[in-house]
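Here is how the chains run, residue by residue.
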Amino acid sequence: MVQTGCKWKLILFVYLLLWFAGSLYGLLYWMGNKAPQGQWLGLSLPEIRSYLIYAWAGANGGTLYAVRMLHQFHSCQSTMQWFLWYFSRPLLCAGTAVFVILLLESGILPILVSPDEKARIGVAFLAGLGYGKIAEKLMSLTETLFNGKKHTAEEPSNK
């Protein structure tokens, strides 16, 4: 029997499991369809196929992490902040995974990754799984690229 205060946790658990199963299905579906035809929301499916796969992989990794966190760390008295964190996690991880791949492809992130699609799917999954760490690294990269701070060398001391 579920305690009254824990109903939100059960709802989130079911929501996350649906995301996990759905993203795994989406990942496998798009990996198996090499040449999808047509358009979706005005986008050419053959052109965005790879990015849909990366988004599904990122959502899968992020959802896996969220289910683990929900199980391990949060009591039934958690706040609305945590509810929103769990609710938004799959979408944030999907988007982050796509942009990590775009940054890799552009050369902005200097990480060597095989051009093989499966290697990039693995990176997208890891980006979703490690969304918090990726967000911190991207903020650091943004500071470095756009803040305009100059690194100054320490002056030698006269001892």
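Caption draft 1: Up close: the environment of Trp85. Residue placement: Trp85 occurs in helix H3 (residues 80-106). Contact partners of Trp85, with chain neighbours within four places excluded, come to Tyr65, Ala66 and Met69.

Caption draft 2: Representation of the pattern of salt bridges in the model. Tallied over the entire structure, the rule returns two salt bridges. Glu105 is the partner of Arg120 in a salt bridge, and the nearest nitrogen-oxygen pair spans 3.3 Å. Of the two residues, Arg120 is situated in helix H4 (residues 117-129) and Glu105 in helix H3; the sequence distance between them amounts to 15 residues. The exposure class of Arg120 is buried, given its relative accessible area of 14%. On the accessibility criterion, Glu105 (40% relative accessible area) is partly exposed.

Caption draft 3: Examining the side chain of Thr63 more closely. Its place among the elements puts Thr63 in helix H2 (residues 45-72). Judged by its relative accessible area of 0%, Thr63 falls in the buried class. Leaving out residues up to four positions away in the same chain, Thr63 has contacts with Leu16, Trp19, Phe20 and Pro90.

Caption draft 4: Representation of the environment of Ser88. Here Ser88 lies in helix H3. Note on Ser88: relative accessible area 25%, which makes it partly exposed. Polar contacts involving the side chain of Ser88 include one to the main-chain carbonyl oxygen of Leu84, which spans 2.9 Å.

Cut-offs and rules
- Residues numbered from 1 in each chain as written.
- Predicted model: local features only at pLDDT ≥ 70, side-chain atom pairs only at ≥ 80, totals over all residues.
- Heavy atoms only, no water.
- Helix = DSSP H or I, 4+ residues; strand = E, 2+ residues; numbered from the N terminus.
- Contact = heavy atoms within 4.5 Å.
- Salt bridge = Lys/Arg side-chain N within 4 Å of Asp/Glu carboxyl O.
- Buried < 20%, exposed > 50% of the residue type's maximum accessible area, 1.4 Å probe, protein only.
- Polar contact = N/O pair within 3.5 Å; in protein donor to acceptor, adjacent residues only side chain to side chain.

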